[in-house]
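Examining the three-dimensional arrangement
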Amino acid sequence: MSQTHSSKFLIAEDLESFPEELKGGIVAIGNFDGVHRGHRAVLDAALGLGYGTHHPVFAMSFEPHPRTVFNPAKPVFRLTPQQAKLDLMRHCGLDGALILPFTKEFAGIEANAFVQDILIDTLGISHAVTGYDFHFGRARQGTPDYLRTAGATHGFGVTIVHQEEDEGAEVISSSRIRDRLGKGDIAQANGLLGYRWFFEGKVRHGDKRGRDLGYPTANLNLGEDCPLLPGIYAVRVKAADGWYDGVASFGRRPTFDNGALLFEVHLFDYAGDLYQQDLRVHLVSYLRGEEKFDTVEALVAQMDRDSEEARAALGAMRPLSEIDQKLLELAA
């Protein structure tokens, strides 16, 4: 990290509000949905360049996802909506982030204008770091090679980070992680992310059925575009008053009403009221698929077994990385 680094994480959501303290800095550019291990290789390269210098290090990202802008009928499910992305970037040790609004007009900007107007005139960068597949400007004319040449011409450094592969020599990507979530392969999704995937939501009123079954639940809406496989999960949850282990069901409740998709979380050893609270739910492991039971008694007996299995999985949990440790506030 830069020696002048403060603990303050500066955020700008347009070029006009870009803070003076980040000018002249080292910028990591990318979409960074998921801030997964591949993205962190880019962020770490930027942080490494800033270490021991007076240059601030920040990320430049874009909202909404470019694919959603060009194909609104098929929005991309966000592994990390903007606030989660910013939280992860802060945990990485960056000095700040610039989140630029992505529109078709912005996508049509000439590559040389992106370099001159944004990188040089507004941000005054000293160095740009991007992944091997990052393109910018109209018709994706701003290739990594283009950026390298522009840097040599205008006097800023450029580092292009090679693709990051997993232990099986496959490229780590956000789409691959979404695919794993859709297959219930939480272990691999989390392994590719380098932390337990999480989402945040406000607890809403449900039909109170869980209370009658001896398993009161907090109900959260994950959104219709969420690819997560319906089923039962072991979870770790951050509530207003601290952390709780729990077991969760994501699905349509086939034993009862086969209704809309709902994420229902039962917190172990919790006695308070969660309504209207904001919860952050980390998925630790996938236990089984969603099933229909012939009787409520059979369902409750299975819920008892699920709870035991979830407690065992959570009891064996160890940090996947330094980021995972920070997010889950686990002891070293």
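The following paragraphs examine the structure supplied in this document.

Cut-offs used in this document
Residues numbered from 1 in each chain as written. Predicted model: local features only at pLDDT ≥ 70, side-chain atom pairs only at ≥ 80, totals over all residues. Heavy atoms only, no water. Helix = DSSP H or I, 4+ residues; strand = E, 2+ residues; numbered from the N terminus. Polar contact = N/O pair within 3.5 Å; in protein donor to acceptor, adjacent residues only side chain to side chain. Contact = heavy atoms within 4.5 Å. Pairing = 2+ DSSP bridges. Axes fitted to C-alpha atoms, helices over the stretch in contact; angles between N-to-C directions. Phe/Tyr/Trp six-rings, centres within 6.5 Å; stacked < 30°, edge-to-face > 60°. Lys NZ or Arg CZ within 6 Å of the ring centre and 35° of its normal.

Let us now look at the side chain of Ser174. With respect to the secondary-structure elements, Ser174 resides in helix H7 (residues 174-182). One polar contact links the side chain of Ser174 to the main-chain carbonyl oxygen of Asp33, over a distance of 2.7 Å. Apart from the residues lying within four places of it in its own chain, the contact partners of Ser174 are Asp33, His36, His39 and Leu79.

The strands that make up a sheet are held in pairs by hydrogen bonds between backbone atoms, and each pair lies either parallel or antiparallel. Taking strand neighbours across the sheet as the criterion, the 6 strands line up as E7-E12-E9-E10-E11-E8 in an open arrangement whose pairing is antiparallel. Whereas interior strands pair on both sides, the edge strands pair on one side only; in this sheet they are strand E7 (198-202) and strand E8 (218-220). Taking the axes of each pair of neighbouring strands and ignoring which way they run, one obtains an average angle of 35° across the sheet. Where E8 lies against strand E11 (residues 262-267), 3 bridges are found, and the strand directions are antiparallel. Each bridged residue has a counterpart across the sheet, and for Leu220 the counterpart in E11 is Phe263. Each of strand E9 (231-239), strand E10 (242-251) and strand E12 (278-289) touches helix H10 (residues 296-315); the most contacted strand, E12, lies at about 110° to it.

This structure, assessed with the given rule, holds 17 aromatic pairs. Taking 5.9 Å as the distance between ring centres and 35° as the angle between the ring planes, the aromatic pair formed by Trp197 and Phe199 counts as tilted. Counting every residue linked through ring pairs, the aromatic cluster contains Phe62, Phe70, Phe102, Phe106, Phe114, Phe134, Phe136 and Tyr146. Residue placement shows Arg311 over the ring face of Phe268; its charged tip is 4.0 Å from the ring centre.

For the rest of this paragraph, the subject is unusual backbone geometry. Cis geometry is found at the peptide bond from Glu63 to Pro64, where omega equals -5°. In this fold, Pro64 is placed in the loop between strand E3 (57-63) and helix H2 (66-70). Non-glycine residue Ala139 carries a positive phi angle of around 55°. You can see Ala139 is positioned in the loop between strand E5 (127-131) and helix H6 (144-154).

Read these as spatial facts, not as claims about activity.
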